[in-house]
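Chain residues, written in single-letter form:
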Amino acid sequence: MTDSKIIAIDFDGTIAEDAYPKVGRAKMFAFETMKKLQEDGHRLILWTYRHGQTLDEAVEFCRDNGIEFYAVNNSFAGEQFDPEKASRKLNADYFIDDRNLGGFPGWGEIYRIITEGIEFDLETHGTRKETKKKGWFGF
């Protein structure tokens, strides 16, 4: 198993087809992949522009499809956001969003990126390169 990560995931265009303010159809393999990531020990955060009723609808859609998030629009469960004491930026190891540089690679590729240590090489326009964990001295 890979090390446990915190993964922030957008809703519209990533978990569900973009139909904002409505909830679109589930993206292919979105829920299967998120369930597998949770089984692997990763913590998932719903990270979305939605708020109020539209946020409640997104959370309920995910719950109906078997996903309970570690946190919603916060870095950890139960966090009360105070702009005087905290940054709006979430603390996460990965951010999954359909508006990433290079676009949305698909849920199968996302799972491989997280579990196999694959990264995109922007110099070769999104082709994958395998990353090797560095040892203690950086080699």
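Note that the structure is predicted; figures quoted are calculated from it, not measured.

A few points about the overall build of the chain
Of the regular secondary structure elements, the chain holds 3 helices and 6 strands. Taken from N to C terminus, the helices and strands of the chain fall in the order β-α-β-α-β-β-α-β-β. Taking all 139 residues of the chain together, the buried fraction comes to 36%. Considering only residue pairs separated by 6 or more positions, the chain has 61% of its internal contacts joining residues 24 or more positions apart. Carbon together with sulfur atoms contributes 52% to the accessible area of the chain, which is approximately 9200 Å² in total.

A word on the pattern of salt bridges
Across all of its chains, the model carries 6 salt bridges by this definition. With its nearest N and O atoms 3.1 Å apart, the salt bridge here joins R63 to E60. Pair noted here: R63 and E60 are both in helix 2 (residues 52-64), with a separation of 3 residues, about one helical turn. A salt bridge links E68 to R63, with the shortest nitrogen-to-oxygen separation between them at 2.6 Å. One network of salt bridges, in which partners are shared, links E60, R63 and E68.

Focus on the packing of aromatic side chains
Throughout the structure, instances matching the rule amount to 5 aromatic pairs. Relative to F61, the ring of F11 lies with its centre 6.0 Å away and its plane at 90°, an arrangement referred to as edge-to-face. A residue pair is termed long-range when its members are at least 10 positions apart, and F11 in the loop between strand 1 (6-9) and helix 1 (30-39) and F61 in helix 2 qualify at 50 residues. Overall, the relative accessible area of 0% leaves F11 in the buried class. Their ring planes at 65° and their centres at 5.6 Å tell us that F31 and F61 sit as a pair that is edge-to-face.

Calculation criteria
- Residues numbered from 1 in each chain as written.
- Predicted model: local features only at pLDDT ≥ 70, side-chain atom pairs only at ≥ 80, totals over all residues.
- Heavy atoms only, no water.
- Helix = DSSP H or I, 4+ residues; strand = E, 2+ residues; numbered from the N terminus.
- Buried < 20%, exposed > 50% of the residue type's maximum accessible area, 1.4 Å probe, protein only.
- Contact = heavy atoms within 4.5 Å.
- Areas by Shrake-Rupley, 256 points an atom, 1.4 Å probe, with all protein chains shown as cover.
- Salt bridge = Lys/Arg side-chain N within 4 Å of Asp/Glu carboxyl O.
- Phe/Tyr/Trp six-rings, centres within 6.5 Å; stacked < 30°, edge-to-face > 60°.

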